[in-house]
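One-letter residues, chain by chain:
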Amino acid sequence: MRIAVAKGDGIGPEIMQAVISIFDAQKVSLEYEYVDMGKWVFDKGYSTGMTPEAQHTIETLGILFKGPMETPKGKGVKSVNVTARKTWNTYANKRVFQTLHGVDTVFSKAGIPIDITVVRENIEDTYGGIEHMLTHDVALSRRFITRPGSLQVIRYAFEMARKKNTLRITCGHKANIMKITDGLFLECFYEVAKEYPEIKADDVIVDDLCMKLVTRPDQFDVVVLTNLQGDIVSDLCAGLVGGLGFAPSANIGDHICIFEAVHGTAPDITGKNIANPTALLLSGLAMLRHLGLMENAAIIENALLYTLEEGTRTGDFGDRSKTALNTSEFAQAIISNFGKKPAHGEKPMLPNKPVTPTTFRLEKNPLIMSKEMEEEVIVGVDIFIESSEQPTNVATKCLLHTTDLFKLVTISNRGTQVWPKGSVFTNLVNQYRCRFESIGDQPVTQIDIIELYKRLTLDFKVCSTELLNMWGGKKAYSLAQGQ
Ligand code: NAI
């Protein structure tokens, strides 16, 4: 089996070398095709951070094992890590956090075992990076949560939970505030949950989830979240088991999968051969299991667990009174422990059953679909304008331009209603949202809205617009705070 390997930047080449040396010593039947990705590729002028040859190899082989990569700052380029995840539709980010004996944490000392798998949606949310300055003072980020995208990652989480015989799966969200976006994710969660009656499905608001994870982490099993919340919660979970040095990550797609450590390039320790290769090794073990190389994975993981239990350490963790090994010595210690069994968490020895990754090009896009076509009408528009005037003056000018079709129903500033009612205590910025609804919710056309837009430009700079849709008699938009 051939896989693509990108060594990465910073400590990437050092930890990748250590992990490959462990695989080689175990005679893992993989061939490595090294590809050009990372900061030095940006520096050569490739704006995506990878060469076309690298892209071709990865798309042909379907598996990328990668070291951390640096995103050049201030050059307007996007992170190659995020580009790779999005380009190849690795829609589920799976991170497993388990107690590792020998890696002391408050929980290991208290005898509280941790075994949490976080599944984070990996493509959508604010990570599209679709951001604009609406005025010199006001920035806007668009947050996309889609039904097909949510269903896809949630179904992956449930399938994985079923294979693991998981008892509980929890959806973390903020649907109490983001009723439409997180509300959609939560709705999809319970829709999929119906297909898995044997698994207890529940949901927790993300701030409460963070509190519960640090007080009773043993109560959680699989947690599924949207992208940004999942990013934050998974680093929190990394902290529970000893830090980023122990946090592996698998980016799963239907066609291409990327295995990498959660941590970055650690520029402060680069070139010293002292980095901890455990997170990359754990990611590599997830890759071996993904490829059906179960026996190799079990032998290496048992040796790793035994090595940690022995108190063998790199400089970033463990008993400071013991000498720390460097990266290659630590890899060698694991190799010399092949065949040994840890006292805790021994992995069962299952036979290797190699699975060749299937890569095929998308003939049609399976995500372009809709739940069901409901009666769909446009009943208004939110027009975002720039103005430093008081709300009553803004309203007077808006009312001047309102046609017979529309009524001005509310004006809000940073999402809080300031007209027709508001509070003198609400602080204002120079950008308002003016909501025009059609009289009696009568359908209006986009041309009607363009007419209104044109009239408003006589008094304001329009920064952005958003249609107000009604589907099957239900509003497909949220109310302003206080409306
Ligand atoms: P970082 O994870 O590289 O470093 C944070 C701290 O953890 C540093 O003190 C570092 O020495 C330590 N550390 C990280 N990995 C370690 C290891 N294996 N062994 C021992 N100590 C380790 O995070 P930072 O400094 O915020 O980011 C540095 C660069 O990495 C940035 O350019 C960032 O964009 C990139 N990055 C790349 C990621 C990826 O490729 N998936 C993920 C996160 C950051």
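Fair warning: this is a prediction, and the values are worked out from it, not measured in the lab. (Residues numbered from 1 in each chain as written. Predicted model: local features only at pLDDT ≥ 70, side-chain atom pairs only at ≥ 80, totals over all residues. Heavy atoms only, no water.)

Peer 1: Please clarify how the overall build of the protein chain should be interpreted in this entry.
Peer 2: Helices and strands together make up the secondary structure of the protein chain, namely 14 helices and 18 strands. C-alpha atoms of the protein chain, sized along the principal axes, occupy 80 × 50 × 50 Å. The buried share of the protein chain, taken over its 483 residues, is 49%. Here the analysis covers contacts within the protein chain between residues at least 6 apart in sequence; of these, 77% occur between residues at least 24 apart. Put simply, the protein chain shows about 22900 Å² of open surface, and 55% of that area lies on carbon and sulfur atoms. Once the 52 positive and 57 negative side-chain charges of the protein chain are each reduced to a mean point, those two points are 2 Å apart. (Helix = DSSP H or I, 4+ residues; strand = E, 2+ residues; numbered from the N terminus. Buried < 20%, exposed > 50% of the residue type's maximum accessible area, 1.4 Å probe, protein only. Contact = heavy atoms within 4.5 Å. Areas by Shrake-Rupley, 256 points an atom, 1.4 Å probe, with all protein chains shown as cover. Lys, Arg positive; Asp, Glu negative; His and termini not counted. Charge placed at Lys NZ, Arg CZ, Asp CG, Glu CD.)

Peer 1: Help me understand the side chain of T410, please; the structure alone is not making it clear to me.
Peer 2: On the secondary structure map, T410 appears in strand β14 (residues 406-413). Residue T410 is classed as buried on the basis of its relative accessible area of 1%. There is a polar contact of 2.9 Å between the side chain of T410 and the side chain of Q417. Non-local contacts of T410, meaning those with residues more than four positions away in its chain, are made with Q417, W419, P420, R433, C434, R435, A480 and Q483. (Polar contact = N/O pair within 3.5 Å; in protein donor to acceptor, adjacent residues only side chain to side chain.)

Peer 1: Please clarify how the sheet that holds strand β15 (residues 416-419) should be interpreted in this entry.
Peer 2: Hydrogen bonds along the backbone pair up the strands of a sheet, which may run parallel or antiparallel. Judged by pairing direction, the sheet is antiparallel, and its six strands sit side by side in the order β15-β14-β16-β13-β17-β18 without closing on themselves. Strands at the two margins of the open sheet, each flanked by one partner only, are β15 and β18 (474-475). By the bridge criterion, six bridges tie β14 to strand β16 (residues 431-438) in an arrangement that is antiparallel. The residue of β16 that forms the bridge with I411 is C434. Packing against the sheet, helix α13 (residues 391-401) makes contact with β13 (376-386), β14, β15 and β16, and its axis sits at approximately 155 degrees to β14. Running over the sheet, helix α14 (residues 446-456) touches β13, β14, β16 and β17 (461-471) and is turned about 15 degrees from β13. (Pairing = 2+ DSSP bridges. Axes fitted to C-alpha atoms, helices over the stretch in contact; angles between N-to-C directions.)

Peer 1: Before we go on, may I ask you to explain the packing of helix α6 (residues 147-163) against helix α7 (residues 181-193) in this structure?
Peer 2: Two numbers describe a pair of packed helices, the interaxial angle and the distance between the axes. In contact at an axis separation of 9 Å, α6 and α7 are set at 45 degrees when each is read in the N-to-C sense. Regarding the angle of α6 to α7, the classification is oblique. The interaxial crossing formed by α6 with α7 has right-handed handedness. Within the contact between the two elements, α6 uses R147, S150, L151, V153, I154, R155 and F158 and α7 uses L184, F185, E187, C188, F189, E191, V192 and A193. (Parallel < 35°, antiparallel > 145°, perpendicular 65-115°, else oblique. Left-handed = near helix turned anticlockwise from the far one by under 90°.)

Peer 1: Before we go on, may I ask you to explain the packing of aromatic side chains in this structure?
Peer 2: The geometry of an aromatic ring pair comes down to the distance between the two centres and the angle between the two planes. Tallying each qualifying case throughout the model produces six aromatic pairs. Geometrically, the ring pair formed by F23 and F65 is stacked, given 6.2 Å between the ring centres and 15 degrees between the ring planes. In this pair, F23 sits in helix α1 (residues 12-25) while F65 sits in strand β3 (residues 63-66), placing the two residues 42 residues apart along the sequence. Note on accessibility: F23 and F65 belong to one class, buried. The interplanar angle of 90 degrees and the centroid separation of 6.4 Å between the aromatic rings of F317 and F330 together place this pair among those described as edge-to-face. Linking F317 in the loop between α11 (294-309) and α12 (327-336) with F330 in helix α12, this pair joins segments that are 13 residues apart in sequence. A relative accessible area of 5% means that F317 is categorised as buried. With a relative accessible area of 0%, F330 lands in the buried category. One aromatic cluster is present, built from ring pairs that chain together F158, F189, Y190 and Y196. Directly above the ring of Y34 sits K7, whose terminal nitrogen or CZ lies 5.1 Å from the centroid. (Phe/Tyr/Trp six-rings, centres within 6.5 Å; stacked < 30°, edge-to-face > 60°. Lys NZ or Arg CZ within 6 Å of the ring centre and 35° of its normal.)

Peer 1: How should I be thinking about the sheet that holds strand β8 (residues 168-173) in this particular structure?
Peer 2: Taken together, the ten strands give an open sheet; going across it, the order is β2-β1-β3-β12-β11-β4-β5-β10-β8-β9, and neighbouring strands pair in mixed fashion. Among the strands making up the open sheet, the edge pair consists of β2 (31-34) and β9 (200-205). Strand-to-strand twist of the sheet, defined as the mean angle between neighbouring strand axes without regard to direction, takes the value 25 degrees. The strands touched by α6 are β4 (92-98), β5 (115-121), β8, β9, β10 (222-225) and β11 (248-252); relative to β5, the strand with the most contacts, the crossing angle is about 160 degrees.

Peer 1: Honestly, the site of the ligand in this entry has me stumped. Any pointers?
Peer 2: The environment of the ligand is made up of 20 residues, and the closest members are M69, G264, A266, D268 and N276. The backbone of A266 places a nitrogen or oxygen atom 2.7 Å from an oxygen atom of the ligand. The contact in question runs from an oxygen atom of the ligand to an N or O atom on the side chain of D268, over 2.8 Å. The fraction of the free accessible surface of the ligand (820 Å²) that becomes covered by protein chains is 67%. (Near = heavy atom within 4 Å.)

Peer 1: Whenever I open this one, the pattern of salt bridges confuses me. Can you help?
Peer 2: As a working rule, side chains carrying opposite charge can pair if their charged atoms are close by. A complete count under the given rule lists 24 salt bridges for this structure. Between E301 and R289 there is a salt bridge whose closest N-O contact spans 2.8 Å. Here R289 lies in helix α10 (residues 278-290) and E301 lies in helix α11, a separation of twelve residues in the sequence. Put simply, R433 and D382 hold a salt bridge, and the shortest N to O gap is 3.3 Å. (Salt bridge = Lys/Arg side-chain N within 4 Å of Asp/Glu carboxyl O.)

Peer 1: Got a minute to help me understand the domain arrangement of the protein chain in this structure?
Peer 2: Interface size, as often reported, equals the accessible area lost upon joining of the parts. According to the domain assignment, the protein chain contains domain 1 (1-87 + 266-275 + 296-370), domain 2 (92-252) and domain 3 (376-475). Once you take the C-alpha centre of each, domain 1 and domain 2 turn out to be 22 Å apart. Domain 1 puts 13 residues into the contact, and the matching count from domain 2 is 15 residues. Counting the surface lost from both domain 1 and domain 2, the interface buries some 1300 Å², and carbon and sulfur atoms represent 62% of this. At the junction of domain 1 with domain 2, the criterion picks out zero salt bridges. Counting the contacts that link domain 1 with domain 2 gives two residue pairs in polar contact (both at pLDDT 80 or more). Secondary-structure elements contributing two or more residues to the side of domain 1 that touches domain 2 are α4 (80-87) and α11. Looking at the side of domain 1 that touches domain 2, the element that brings in the most residues is α11, giving four residues. Grouping the constituent residues of the side of domain 1 that touches domain 2 by class yields six nonpolar, one polar and six charged. (Domains from an automatic or database assignment. Buried area = accessible area lost by both parts, 1.4 Å probe. Nonpolar A, V, L, I, M, F, W, Y, C, P; charged D, E, K, R; others polar.)

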